[in-house]
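# Coordinates in review
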Amino acid sequence: MSASHDSTEPRSSTEPHTGAASPGSLAPEEATAVRARLDEVAERAAAAAESAGRPADSVRIMLATKTQSAERIRTALTHGFTLIGENRVQELTGKAEALADIPHETHLIGPLQKNKVNHALRVATCIQSIDSLELAQRIQRRLETTEARVEYFVQVNTSREDSKSGVAPEAAGELIGALQGLDRMRMRGLMTIGLPGSTEAEIRPSYRELTGLRTALLEQGIIDETMTELSMGMSNDFELAIDEGATMVRIGSSVFGARPAAD
Ligand SMILES: *Cc1c(COP(=O)(O)O)cnc(C)c1O
C-alpha cells in the first residue's frame, strides 16, 4: 500500500524537537519521576488510612488528569493505577481514544454542560458532578435511547462558596431521593471539592461535613450501604480527607507536577 496521492498528511515540522524521546512517548527520566511520585502518594494514602483505623486499601487513588497528555497518563496506567478523572468532556474524548488499549476506568469530575451529555456518556463510566435533577434526567433520557447505564456521585458544595458547583448540603437529601427514580443511573456516593484553604482548620470542616451528611442520609434511609463512597481530597490535603473518611482521593499535581497557571 503506497501513499500514491496527495492526501498524505504532512509531517508536522513546526514542533520543537526535544531530542529526548520519540513522538508520543515520555522521556525515560520523566516517566521515572511520575512513577516515583505515584508510589509516594500511594504510600501516604495507605499510611493515612491506617492511622485513621481503616485498611490501607480502603482508599482508592484517582488520577486527576486535566491538561496532562495521554502519554503521561499512560505512564501512570501502566504503573498499576486504573482510575482517572477528567474535568472537561472535550479532553476526555480525545484522550480516551489514545488510551483505548489500556484497561482503565474514567470518571468525569468537572461540571457537565447539558449539551455535552452524549459525549460524556460515550467515555465516562461515572459522573461525579451530578448536582441537579434536571441534569440527571437529561442523562437518564439519553441512556434510555442507548440501553446503557452510568454510575454517579452527587456533588455537594460543602464549602458553601457561591462560585462552586454542587448541591447545598441542606438540599442533598431531597435531590438524592428524586434521583433514585432514574433507573439507568446508580449512585455510588458523595463528592465534594472542599474549601481550598491553606490550614487544617480551614480545610477539615468541609470534609467532615460530607462525612456527616453521609451518616445522616444513611440514618434517614435516603441512601443505603451501596451508596456510601466519599470522593474528597486533592494533592494538598488528601491525608486530611482520608482522616475524615474519604474513600477516593483525586490527585493531580502531586503526581504530574504543577499545571500551567491558566488551568
Ligand atoms: C484538578 C482537580 C483535582 C486534583 O487537584 P490537585 O491539586 O492537582 O491534586 C481534584 N479534583 C478536581 C475536581 C479537580 O478539578
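Throughout this document, residue positions are counted from 1 along each chain, in the order its sequence is written. Only residues with pLDDT of at least 70 are given local features in this predicted model, and only at 80 or more are side-chain atom pairs given and counted; all residues enter the totals for whole chains, interfaces and linings.

For the rest of this paragraph, the subject is the overall build of the protein. Here a strand is any run of E in DSSP of at least two residues, a helix any run of H or I of at least four, and the numbering for each starts at the N terminus. The helix and strand tally for the protein stands at nine helices and eight strands. Exposed residues have 12 or fewer other C-beta atoms within 10 Å of their own C-beta, buried residues have 20 or more, and partly exposed residues fall in between, where C-beta atoms are placed from the backbone. Buried residues in the protein amount to 35% of all 263 residues. A separation of at least 24 residues holds for 55% of the contacts in the protein among residues at least 6 apart in sequence. By definition, residue pairs are in contact when their C-beta atoms, positioned from the backbone, come within 7 Å.

Our focus in this paragraph is the nonpolar core. By convention the nonpolar core is taken to be a set of buried residues drawn from Ala, Val, Leu, Ile, Met, Phe, Trp, Tyr and Cys and joined through C-beta atoms within 7 Å. In this structure, Leu63, Ile127, Val154, Ile242 and Val249 are the most contacted members of the largest nonpolar core, which totals 57 residues. Setting aside anything within four residues of it in sequence, one finds Ile242 in contact with Ala45, Ala48, Ala49, Ala52, Val59, Gly233 and Val249.

A few words now on the pairing of strand β8 (residues 248–251). Alternating residues of β8 divide into Met248 and Arg250 and Val249 and Ile251, and every residue in both groups is buried. Strands qualify as paired when DSSP identifies two bridges or more between them. Relative to β8, strand β1 (residues 60–64) is paired through four bridges, and the arrangement is parallel. Residue pairing for β8: Arg60 is matched across the bridge by Met248.

Attention now moves to the UniProt feature "modified residue: N6-(pyridoxal phosphate)lysine" (unreviewed entry) in the protein. With numbering matched to this structure, UniProt assigns "modified residue: N6-(pyridoxal phosphate)lysine" (unreviewed entry) to Lys66. Residue classification places Lys66 among the partly exposed positions, given that 16 C-beta atoms sit within 10 Å. With residues near it in sequence (within four places) discarded, Lys66 still touches Glu86, Asn87, Arg88, Glu91 and Gly252. UniProt positions are given in the numbering used here, feature names are shortened, and annotations may be inferred rather than shown by experiment.

Multiplying 1.5 Å by the helix residue count minus one yields the expected span of that helix. Taking 1.5 Å per residue, 20 residues should reach 28 Å; helix α7 (residues 200–219) reaches 28 Å between its end C-alpha atoms and fits that length. Those residues of α7 not exposed but buried are Ile203, Ser206, Tyr207, Leu210, Leu213, Arg214 and Leu217. On an axial view of α7, the arc spanned by its buried residues comes to 105°, and they lie on one face. With respect to the buried face of α7, the exposed residues turned more than 90 degrees away are Glu200, Ala201, Thr215 and Glu219. In this structure, the buried side of α7 is in contact with α6 (169–179), β6 (185–191), β7 (229–231) and α8 (238–243). Note that the arc is defined by the directions from the helix axis to the C-beta atoms.

Now for the site of the ligand. We call a residue near a molecule or strand when the C-beta position, derived from backbone atoms, sits within 6 Å of it. Taken together, 13 residues lie near the ligand, and Ala64, Ser235, Arg250, Gly252 and Ser253 sit nearest. The classification used treats Ala, Val, Leu, Ile, Met, Phe, Trp, Tyr, Cys and Pro as nonpolar, Asp, Glu, Lys and Arg as charged, and all other residues, Gly among them, as polar. Among the residues making up the shell around the ligand, the classes are represented as five nonpolar, six polar and two charged.

What pLDDT conveys is the predictor's confidence in a given residue, as a value from 0 to 100. When pLDDT is averaged along the protein, the result is 90; 90% of the residues meet or exceed 70. When the criterion is pLDDT under 50, residues 1–22 qualifies, and its contacts beyond four places in sequence or with other chains add up to four contacts.

By secondary structure assignment, the location of Met185 is in strand β6. Residue class for Met185 comes out partly exposed when judged on the 19 C-beta atoms lying within 10 Å of it. In this structure the C-alpha to C-alpha distance between Met185 and Gln140, which are 45 residues apart in sequence, comes to 6.9 Å.

Before going further, it helps to spend a moment on unusual backbone geometry. At Thr67, a position not held by glycine, the phi torsion is positive, near 70°. Overall, the presence of 16 C-beta atoms within 10 Å leaves Thr67 in the partly exposed class. Positive phi is not limited to glycine here, since Glu147 has a value of about 65°. Take Glu147: it is sitting in the loop between α5 (133–146) and β5 (150–155).

Glancing now at the packing of helix α1 (residues 28–51) against helix α2 (residues 70–77). Running from N to C, α1 and α2 point in directions that differ by 50°, and their axes come no closer than 9 Å. Classified by the angle between their axes, α1 and α2 sit oblique to one another. Handedness of the α1/α2 crossing: right-handed. Listed contacts from α2 to Ala31, Val34, Arg35 and Leu38 of α1 are Arg72, Thr75 and Ala76. Looking at the contact of α1 with α2 residue by residue, the classes come out as four nonpolar, one polar and two charged. In this analysis an axis means a line fitted to C-alpha atoms, helices contributing only their contacting stretch, and an angle means the value between N-to-C directions, from 0 to 180 degrees. To sort the angles, those under 35 degrees are grouped as roughly parallel, those over 145 as roughly antiparallel, those from 65 to 115 as roughly perpendicular, and the leftovers as oblique. The sense of a crossing depends on the near helix, which, turned anticlockwise from the far helix by less than a right angle, makes the crossing left-handed and, turned clockwise, makes it right-handed.

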